[in-house]
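# A look at the structure
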Amino acid sequence: MTSASAPTFPRRILLGVTGGIAAYKAADLVRRLRERGAEVQVILTEGAARFVTPLTFQALSGRPVRVGLWDEAAEAAMGHIELARWADLVLIAPASADFLARLAGGLADDLLATTCLATTAPIAVAPAMNQQMWTAAATQANVQTLRTRGVLVLGPGVGSQACGETGAGRLLEPSEIAARVFASDPSTGSLAGRHVVITAGPTREPIDPVRFLSNRSSGKMGFAVAAAAQAAGARVTLVAGPVSLATPTGVARIDVETAAQMYRAVHAAISDCDVYIGAAAVADYTPGCCADNKIKKTSDTLDLHLEKAADILASVAALERRPFVVGFAAETTNVEAHARAKLERKKLDLIAANEVGAERAFDREDNALLLLWPGGRKELALKSKAELAHEFVAFIADRLAAVAAGV
Ligand code: PMT
């Protein structure tokens, strides 16, 4: 199954401002979005209107600000459904803990929540709240639900907070939010004009019609890298093993099941590819052929005959006209030594090593990576896979430029 949608570059941004002390920073955000050529329509929640005035936002956006769902005059001019259709992007900044919960729960109890439910445009949220509220299990579960639905989560930043505490929960600076929103500009992003092919998730190697060999990969790392590459302006093809994740906005997805299908899908997609990133946990060994019928429990032991699966990453690196090739290394011991050996043996341009185990990397929300390339190394510390993926993609763009410049 293949699904694709065009990369988005927002010209019409519906900016939702929710109730919190960081609401004052949204005024600067309007200015920065407009400087980049976007039309901005502001919706304030009733909570936000206690911190900031509609008049400020009307002056900065040049458009009447919407607050309530029950404003007859405003609904007659541009109703919530028209607002939802008008937007290329719905950006909520700051997004309070309460609003994230209402968005995750699909509520439609005010104008902003109703518009979010009614829109087909991508949604981005920039959370801002007390650090304890951010780390609360309920907030993290809501954020995960939103990410799974393809909502882009920008930040939050880490630092001192208005409440006097220090930690994660600060609204990202308006300049950074604007940069992230417009990073997907196909003419200016760090991977603008590039075609990036990414693999993600596990493969399944059938043993018989009802059983298979597989692994713990959820696809979260690869999908986050695909979203980050798209946000950096690239055209992205994502070859995905069996996972239950939403396709990131603007990414073309090809679903496969086995290592052999993934090999064929990658080679079919790669002819005009600039960067190949192998984040999938592909089978190293496969039964090769699948029994026609369910294997019966007739003896005490069962021998499975496994053959080596073709190495997709090495095969891409061996192409005569090869892209910039980035591998992953999933290691349980001697991470750096094993990863560097893979980098050299498979002739890669870059490898991202992660320590894996039942409690690490696989099917987790966060990860840490050690990047190795010929003559260099860089550590990316533990953080959410979404944030990590942005750093990783920015680094790939830098290495790509360095290699092109012969550095
Ligand atoms: O999906 P998540 O739950 O988010 O977990 C993320 C992850 C741990 C799966 C991811 O970060 C990761 O490490 N992916 C690579 C897993 C893996 O198969 O590593 P490896 O060291 O066995 O393989 C090295 C490289 O060769 C990888 O780039 C792999 O895609 C590639 N490979 C391996 C076998 C094969 N037959 N073909 C390949 O292309």
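Residues numbered from 1 in each chain as written. Predicted model: local features only at pLDDT ≥ 70, side-chain atom pairs only at ≥ 80, totals over all residues. Heavy atoms only, no water.

### Here we look at the domain arrangement of the protein chain
- The domain architecture assigned to the protein chain consists of domain 1 (12-181) and domain 2 (195-292 + 300-404).
- Placing a centre on the C-alpha atoms of domain 1 and another on those of domain 2 gives a separation of 34 Å.
- In this complex, domain 1 contributes ten residues to the contact, which on the side of domain 2 involves nine residues.
- Summed over both sides, the interface of domain 1 with domain 2 buries roughly 730 Å², with 46% coming from carbon and sulfur.
- Summed over the three residues of domain 1 that lose the most area to domain 2, namely Gln-144, Thr-148 and Arg-180, the buried surface amounts to 51% of that side.
- Seen at the junction of domain 1 and domain 2, the total is one salt bridge.
- For Arg-180, the salt bridge is made with Glu-387, and the minimal N-O distance between the two is 3.8 Å.
- Looking at the side of domain 1 that touches domain 2, the elements with two or more residues in it are helix H9 (137-148) and strand E6 (152-153).
- When residues in the side of domain 1 that touches domain 2 are grouped by element, the largest group, three residues, is from H9.
- Considered class by class, the residues forming the side of domain 1 that touches domain 2 number three nonpolar, four polar and three charged. (Domains from an automatic or database assignment. Contact = heavy atoms within 4.5 Å. Buried area = accessible area lost by both parts, 1.4 Å probe. Salt bridge = Lys/Arg side-chain N within 4 Å of Asp/Glu carboxyl O. Helix = DSSP H or I, 4+ residues; strand = E, 2+ residues; numbered from the N terminus. Nonpolar A, V, L, I, M, F, W, Y, C, P; charged D, E, K, R; others polar.)

### A closer look at the sheet that holds strand E2 (residues 12-17)
- The strand order across the open sheet built from five strands is E3-E2-E4-E5-E6, with neighbouring strands paired in parallel fashion. In this open sheet, the two edge strands, each paired with only one partner strand, are strand E3 (39-44) and E6.
- Inspection of the sheet shows E2 paired to E3 by six bridges, in the parallel sense. The residue of E3 that forms the bridge with Leu-15 is Val-42. (Pairing = 2+ DSSP bridges.)

### A closer look at the pattern of salt bridges
- Tallied over the entire structure, the rule returns 24 salt bridges.
- The structure contains a network of salt bridges with shared partners spanning Asp-28, Arg-31, Arg-32 and Glu-35.

### Points about the packing of aromatic side chains
- Inspection of every chain in the model, using the stated rule, returns two aromatic pairs.
- With a centroid separation of 5.6 Å and 80° between ring planes, the pair formed by Phe-328 and Phe-392 is classed as edge-to-face. Of this pair, Phe-328 sits in strand E17 (residues 324-331) while Phe-392 sits in helix H15 (residues 385-404), placing them 64 residues apart in sequence. Here the two residues Phe-328 and Phe-392 agree in accessibility, since each one is buried.
- With a centroid separation of 5.0 Å and 50° between ring planes, the pair formed by Trp-373 and Phe-395 is classed as tilted. (Phe/Tyr/Trp six-rings, centres within 6.5 Å; stacked < 30°, edge-to-face > 60°. Buried < 20%, exposed > 50% of the residue type's maximum accessible area, 1.4 Å probe, protein only.)

### Regarding the site of the ligand
- In the neighbourhood of the ligand, 29 residues make up the surrounding shell, with Ser-218, Gly-278, Lys-342, Asn-354 and Asp-363 lying closest.
- Lys-220 is positioned with one of its backbone polar atoms (N or O) 3.3 Å from an oxygen atom of the ligand.
- One nitrogen or oxygen atom from the main chain of Ala-310 is found 3.1 Å from a nitrogen atom belonging to the ligand.
- Per element, the largest residue contribution to the shell around the ligand is four residues, and it comes from E17.
- Its residues assigned to classes, the shell around the ligand shows 15 nonpolar, seven polar and seven charged. (Near = heavy atom within 4 Å. Polar contact = N/O pair within 3.5 Å; in protein donor to acceptor, adjacent residues only side chain to side chain.)

### Side note on the packing of helix H1 (residues 25-35) against helix H10 (residues 174-182)
- With their axes 9 Å apart at the nearest point, H1 and H10 run at an angle of 40° to one another. As the angle between them shows, H1 and H10 are arranged oblique. The element H1 and its partner H10 pack so that their crossing is right-handed. Contacts between H1 and H10 involve Lys-25, Asp-28, Leu-29, Arg-32 and Leu-33 from the first element and Pro-174, Ser-175, Ile-177, Ala-178 and Phe-182 from the second. (Axes fitted to C-alpha atoms, helices over the stretch in contact; angles between N-to-C directions. Parallel < 35°, antiparallel > 145°, perpendicular 65-115°, else oblique. Left-handed = near helix turned anticlockwise from the far one by under 90°.)

### Notes on the pairing of E3
- By the criterion of burial, E3 is predominantly enclosed, with five of the six residues buried.
- Handedness of the crossover joining E2 and E3 through H1: right-handed. (Right-handed = clockwise from strand over helix to strand, strands pointing away.)

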